[in-house]
Structures are given as structure tokens and as C-alpha cells.
Amino acid sequence: MDQQAYWDEQFEDNGCVWGSQPSVATDIAISLFKDNNAQSVLIPGAGYGRNSKALTSDGFDITGIEISSSACQLAEGYDPAMTLLNCSLFDAPLPAEEFDAVFCFDVLHLFLEEERRRFIAKCADLVKPNGLMFFTVLSENDDYFGSGVEVEPGTFEVKAGKYIHFFTAGDLRDSFQRYCILQEGQFKDSVKHAKHGLKEYQVRYICVRK
Ligand SMILES: C[S@@+](CC[C@H](N)C(=O)[O-])C[C@H]1O[C@@H](n2cnc3c(N)ncnc32)[C@H](O)[C@@H]1O
């Protein structure tokens, strides 16, 4: 199953699957963006807007890119202030160096190594010189680590066709070694999952300057 089909099914079955509380990552990113005068922010893999809404509510100009059309339908109701493109980040019809910053929550770990490299490069292409890129990913300390077959070092096929790469701190740093690291850290993200109740994820984040 490809990403689009997988995520369409998730959002069709569960609606706003992770509830309405934004992640603590939005507070960290908002503070960094304000300190660096970032106003226009690109959100690749915006989902139904759980996190974009914290940024639009705070006055940022948000453009989301989302591959799942069911997520886009939900987002139109959930965060109408976000400008949304229903396509893959890899095919996004956007000019280079358009945005002050990128906020990308829990998307990068969904790809194999080569695609992760392309994903970061595409985001860097869309951000202005000296722009910021803020990413969160699942950590190797997450309970899910080790589920399924390890297809690449630290990457597991947790369901048929669904990959998760669990990042160590060094791994995350290496992925962004071409850029200037401004801040990095980890936190526990708690969400009220529509089907499974309270779920906790161990998340790492990094913020770099292009
Ligand atoms: C784990 S969810 C995170 C959702 C969202 N970032 C949030 O904060 O709630 C991953 C999202 O990335 C989207 N996605 C996966 N691959 C994508 C791609 N190539 N381009 C754009 N969106 C993608 C999925 O459809 C899904 O909505």
C-alpha cells in the first residue's frame, strides 16, 4: 500500500485521529520562528491541521502540503486559514526559496533513507536562504521500535508497506549535517487516538538554519 492509500484509509476510518490538542512541538517551533522573524511557513504532511492550527491561530501565514485527499477534506473544516495543496511534497508546484520556514511534524520518519534525503533536500529548496527548518521524528526510545522487519538500519516495516525510521540523536544530526543546527531535543507527545485512546510517542526534534 502506498503512502496516499494508507493515509486516506486512516483519515477516512478515524477522522481527526489524533484529536484537537496540538503537540508541544508547536510551542517550541513558534518561539524559534518568532525569534528569527519567520512569517511564512510551509507545512509538508499537514494532515487534518492538528498542528497547523496552532500556527495559523498565532498569525503565521501557513501553506500546507498533504498527499491524502481525505486529510485535506478534514483540514478544510479544521484549519480553514491554512492554504492547502493536495499533492506529494515531491511534486509540489511551488517556486524555490518561497518560505521563511518549514515545520514538519512526524513525516520524515515515514520514508526509507534515499527518500528521506530527497525529502529534506526538497524542503531546503523551498525555504529562503537563512530560512529555518523544524522537523520532528520518532525516536529509537519509542515503544514501537523493533516492531516488524528491519529493512534498513533503524527502519522497520511495521505494517505491509508502512515504514518507520527510528532516529537516534546522532542519526538526526547527520541527516541535517549540511545545515547549521540551532536547537535539538526530545519530548513525549501524548495524543488521544480516536480508536486506541491515550497514546504516548517518544519524539526528537531539530531546528536548523539553511
Ligand atoms: C503521521 S502523519 C502527521 C500529520 C501532521 N503532520 C500532524 O501534525 O498532525 C503524516 C502525514 O504525512 C502525510 N504525507 C505522507 N507522505 C507525504 C508526502 N510525500 N507529501 C505530503 N504529505 C505526505 C500523510 O498523508 C499524513 O497526513
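None of the values given here were measured: they were computed from a predicted structure. Every chain is numbered independently, its residues counted from 1 as its sequence is written. The predicted origin of the model limits local features to residues at a pLDDT of at least 70 and limits the giving and counting of side-chain atom pairs to 80 or more, whereas totals for whole chains, interfaces and linings rest on all residues. As a rule here, side-chain values come from all non-hydrogen atoms in the structure, and water together with hydrogens is ignored.

## Here we look at the sheet that holds strand 7 (residues 155-159)
One requirement defines pairing of two strands: DSSP has to find at least two bridges between them. Counting from the N terminus, the helices are the DSSP runs of H or I reaching at least four residues and the strands are the DSSP runs of E reaching at least two. Sheet architecture is open: three strands sit in the order 6-7-8, paired in antiparallel fashion. Whereas interior strands pair on both sides, the edge strands pair on one side only; in this sheet they are strand 6 (149-152) and strand 8 (162-165). With direction set aside, neighbouring strand axes in the sheet form an average angle of 40 degrees. The sheet contact formed by strand 7 and strand 8 spans four bridges and is antiparallel. The residue of strand 8 that forms the bridge with F156 is I164. Each axis is a line fitted through C-alpha atoms, taken for helices only over the stretch in contact, and angles between the N-to-C directions span 0 to 180 degrees.

## Focus: the site of the ligand
Distances are taken per atom, and a residue is near a molecule or strand as soon as one of its heavy atoms is within 4 Å of it. G45, N51, E66, L89 and F105 are the nearest of the 21 residues found near the ligand. For the purposes of these results, a polar contact is taken to be a pair of N or O atoms within 3.5 Å, where, inside protein, one atom must be able to donate a hydrogen and its partner to accept one; residues adjacent in sequence count only when each atom of the pair is a side-chain atom. Between a nitrogen atom of the ligand and a side-chain N or O atom of S88, the distance comes to 3.1 Å. Burial of the ligand by the protein amounts to 96% of the accessible area it has alone, namely 600 Å². When residues in the shell around the ligand are grouped by element, the largest group, three residues, is from helix 1 (residues 3-14). Gly is put with the polar residues, along with every residue not named as nonpolar or charged; the nonpolar set is Ala, Val, Leu, Ile, Met, Phe, Trp, Tyr, Cys and Pro, and the charged set is Asp, Glu, Lys and Arg. Among the residues forming the shell around the ligand, the class breakdown is twelve nonpolar, six polar and three charged. For every accessible area listed, the method is Shrake-Rupley and the probe measures 1.4 Å; residues are considered covered only by the protein chains on display.

## Remarks on the UniProt feature "domain: Methyltransferase type" (unreviewed entry) in the chain
UniProt positions are given in the numbering used here, feature names are shortened, and annotations may be inferred rather than shown by experiment. Annotation from UniProt places "domain: Methyltransferase type" (unreviewed entry) at residues 44-135. Between the C-alpha atoms that bound residues 44-135 the distance is 10 Å, and the span itself is 33% helix and 27% strand.

## Comments concerning the sheet that holds strand 10 (residues 197-209)
Two pairing modes exist for strands in a sheet, parallel and antiparallel, and in both the strands are linked by backbone hydrogen bonds. The mixed open sheet is built from seven strands, whose spatial order is 3-2-1-4-5-10-9. Every other strand in the sheet has two partners, leaving strand 3 (83-85) and strand 9 (180-193) as the edge strands with one partner each. Shown here is a sheet whose adjacent strand axes are inclined to one another by a mean of 20 degrees, direction ignored. Across three bridges, the pairing between strand 2 (residues 61-65) and strand 3 is parallel. In the strand pairing of strand 3, G64 is matched with L84.

## Quick look at the packing of aromatic side chains
When two rings of Phe, Tyr or Trp (its six-membered ring) have centres within 6.5 Å they constitute a pair, described as stacked for plane angles under 30 degrees, edge-to-face for angles over 60, and tilted for the intermediate range. Under the counting rule described, the total for this entry stands at 19 aromatic pairs. Measuring from centroid to centroid gives 6.5 Å for F103 and F105, while their planes differ by 15 degrees, and the two rings are stacked. Seen in terms of ring centroids, F145 and F156 are 5.1 Å apart; in terms of plane orientation they differ by 70 degrees. Their pairing is edge-to-face. Highlighted residues: F145 in the loop between strand 5 (127-138) and strand 6 and F156 in strand 7, separated in sequence by eleven residues. For every residue, the accessible area obtained with a 1.4 Å probe (protein chains only) is divided by the maximum for its type, and the residue is called buried under 20%, exposed over 50%, and partly exposed between those limits. By relative accessible area, F156 is classed as buried at 6%. Chaining the aromatic ring pairs together yields one cluster made of Y6, W7, F11, W18, Y48 and Y78. Just above the ring of Y78 sits the side chain of K53; from NZ or CZ to the centre is 4.8 Å. Any Lys NZ or Arg CZ found within 6 Å of a ring centre and within 35 degrees of that ring's normal is scored as a charge over the ring. For R118, the ring lying beneath its charged end belongs to F90, and the centroid distance is 4.3 Å.

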